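The primary structure of each chain is shown beneath.
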Amino acid sequence: MEKRRLSFWEIWNMSFGFLGIQMGFALQNANASRILQIFGADVHELSWFWIIAPLMGLVVQPVIGHYSDKTWGRFGRRKPYFLVGAILASVGLILMPQADLFIAFLPALWVGAGMLMIMDASFNIAMEPFRALVGDNLRTDQRTLGFSVQTALIGFGAVIGSWLPYALTNWFGVSNEATEGTVPFNLVLSFIIGAIILIISILVTVTTTKEYSPEELASFDNETLEENPDKKSSLLDIFEDFKKMPDTMRQLSWVQFFSWFGLFGMWVFATPAIAQHVYGLSYTDSSSAAFQDAGDWVGILFGVYNLVSAFYAFALPRIAKKVGRKKTHAISLLIGGIGLLSIYIMPDKNWLIVSMIAVGIAWASILAMPYAILAGSISPKKMGVYMGIFNFFIVIPQIINALIGGPLVKYVYSNHAVFALITSGISFLIAAALVSKVKDVDDIIKE
């Protein structure tokens, strides 16, 4: 038996929930540092608060992957997980920028960090099953397209999320001013809108997408459902699976490490870096009108790189067929690294758009190519758990950056956060060089 070839719009609907997930994720990425600074966090402390995100991914994604591999019910195999994740993430989105409402019980900074933790855990619950769903439902010759469509939807969702605070203020007159210690209303409203769109987009995927049963997946690959039917499944199997990971995953792990080390540094320190380096503000400024303008502009820049990634994602399958997935990924990472390095020499805020265009090319490839390469080396019955384990190599570099990033900025870079972005650029270049070590077992190149 063979999996059915899906139409473009079936693939689109299957991944549509990612639009909402990434809209919420983009709101968090572009604004969490600003919100935490408003609530009293110092610049060098930001990476410590952001450590919550990769820690949640480290714990949640492999566990969710393991159990989603073993789950089958009336609502499917993967769909129940990302529906629950979306609901919980929406709660975090609504409450994080309004953490000051709870100051009678806890400091706003603590509540904000707690909501950040809830959002991160919930996004991870939702994301991993989406990755596995593409691997479950698509044939080998459609996987690059599937992950590219997913990347495009991630890009469109992130553009909406990144630009929303700026748009509400500049197009609809919603105030971006606030008293010290409170979040501007344009941010509060943006997070509420993001929560609503997240739920709606997830429901589109849930109601339009059919999943293959475990029996069907086994028949496609001519495998039994279990390697040892008498062996009882255990969460500890994750450690056994980790030891037996395919060689391709081990090789990709180093590429992922340096890619995500660089991304984390950009997300955490973009706002203070641009506020200082481009707007000329002090590293202690977190409440002036100029600081809020810098934060809104960072949202625009993040929207730019996500918009570029959305369109570049559609070109990835064609490029990969011509030159191969490995070369496509290496070139894309190289361009992104140069883009991050260029931030230091750009003469004004508008020129930063050029830098973000380059970053968008790398971001699209990071979201698509490693998964397309990896899926071909994984057994269908282990798709969920290995997609979750693969997340180790996304979250571990973020945890390391979270631990050392703040002290580097304070003690090595003398509170000049722009050098954290330079470090991210160098990390991208290292990742590009390491792609050559990866073996892509089922790449299809057409001359």
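For every chain, the first residue of its written sequence is number 1, and the numbers climb from 1 along that sequence. For this predicted model, a pLDDT threshold of at least 70 governs which residues receive local features, and a threshold of 80 or more governs which side-chain atom pairs are given and counted, while totals over whole chains, interfaces and linings are taken from all residues. Hydrogens and water are ignored here; the side-chain numbers use all heavy atoms of the structure.

Asks: Looking at this structure, I do not really get the pattern of salt bridges. What am I missing?
Replies: Working definition: two side chains of opposite charge can pair if their charged atoms are close together. Here a salt bridge means any side-chain nitrogen of Lys or Arg lying within 4 Å of a carboxyl oxygen belonging to Asp or Glu. In this structure the tally under the stated criterion is three salt bridges. A salt bridge links D296 to R34, with the shortest nitrogen-to-oxygen separation between them at 3.0 Å. Remark: R34 occurs in helix 2 (residues 17–38) and D296 occurs in helix 12 (residues 289–323); sequence separation between them is 262 residues. Neither residue differs from the other here; D296 and R34 are each classed as buried. Counting from the N terminus, the helices are DSSP H or I runs at least four residues long and the strands are E runs at least two residues long. Burial classification: accessible surface area is computed with a 1.4 Å probe over protein chains only, and a residue below 20% of its type maximum counts as buried, one above 50% as exposed, and the rest as partly exposed.

Asks: Please explain the side chain of S365 as it appears in this structure.
Replies: Here S365 shows up in helix 14 (residues 352–375). Here a residue-residue contact requires only that any non-hydrogen atoms of the pair lie within 4.5 Å. Excluding its chain neighbours within four sequence positions, the residues that come into contact with S365 are L316, T328, H329, S332 and P370.

Asks: Can you help me understand the packing of helix 13 (residues 325–342) against helix 14 in this one?
Replies: For any two helices packed against each other, one specifies the inter-axial angle together with the distance between the axes. Axis definition: a line fitted to C-alpha atoms, over the contacting stretch in the case of helices. Angles run 0 to 180 degrees between N-to-C directions. Two elements in contact, helix 13 and helix 14, have axes whose closest approach is 7 Å; the angle formed by their N-to-C orientations is 150°. By the criterion of interaxial angle, the relationship of helix 13 to helix 14 is roughly antiparallel. You can see that helix 13 and helix 14 cross each other, and the crossing is left-handed. In this structure, helix 13 contributes R325, T328, H329, S332, L333, I335, G336, G339, L340 and S342 to the contact, and helix 14 contributes S355, A358, V359, I361, A362, S365, I366, M369, P370, A372 and I373. Residues belonging to the contact of helix 13 with helix 14 are distributed by class as follows: 12 nonpolar, eight polar and one charged. The scheme is simple: roughly parallel for angles under 35 degrees, roughly antiparallel for over 145, roughly perpendicular for 65 to 115, oblique for anything else. Crossing handedness is defined as follows: a turn of the near helix away from the far one that is anticlockwise and smaller than a right angle gives a left-handed crossing, while the clockwise case is right-handed. Three residue categories are used. Nonpolar comprises Ala, Val, Leu, Ile, Met, Phe, Trp, Tyr, Cys and Pro, charged comprises Asp, Glu, Lys and Arg, and polar comprises the others, including Gly.

Asks: Please clarify how the environment of T248 should be interpreted in this entry.
Replies: With respect to the element layout, T248 can be found in helix 11 (residues 247–277). Overall, T248 belongs to the buried group, its relative accessible area being 4%. Sequence separation of T248 and K439 is 191 residues, and the distance between their C-alpha atoms is 5.7 Å. Here a polar contact is taken to be a pair of N or O atoms separated by no more than 3.5 Å, where protein atoms must pair a possible hydrogen donor with a possible acceptor and residues adjacent in sequence count only if both atoms sit in side chains. Looking at T248, its side chain comes within polar contact range of the main-chain oxygen of K439, at 2.9 Å.

Asks: Sorry if this is basic, but what is going on with unusual backbone geometry here?
Replies: Excluding glycine, a negative phi dihedral is what most residues carry, and trans is how most peptide bonds are arranged. One non-glycine residue, S414, lies in positive phi territory at about 55°. Assignment of secondary structure puts S414 in the loop between helix 16 (392–412) and helix 17 (418–434). Even without being glycine, N415 reaches a positive phi, approximately 65°. Structurally, N415 can be placed in the loop between helix 16 and helix 17.

Asks: What is the right way to read helix 13 from this model?
Replies: The α-helix advances 3.6 residues per turn, and as a result positions three or four apart in sequence lie on the same side. For helix 13, spanning 18 residues, the distance from its first C-alpha to its last is 26 Å, which sits close to the expected 26 Å at 1.5 Å a residue. Listed in full, the buried residues belonging to helix 13 are R325, T328, H329, S332, L333, G336, G337, G339, L340 and S342. Taken together, the buried residues of helix 13 touch helix 7 (143–170), helix 11, helix 12, helix 14 and helix 17. For a helix, the expected span equals 1.5 Å multiplied by the residue count minus one.

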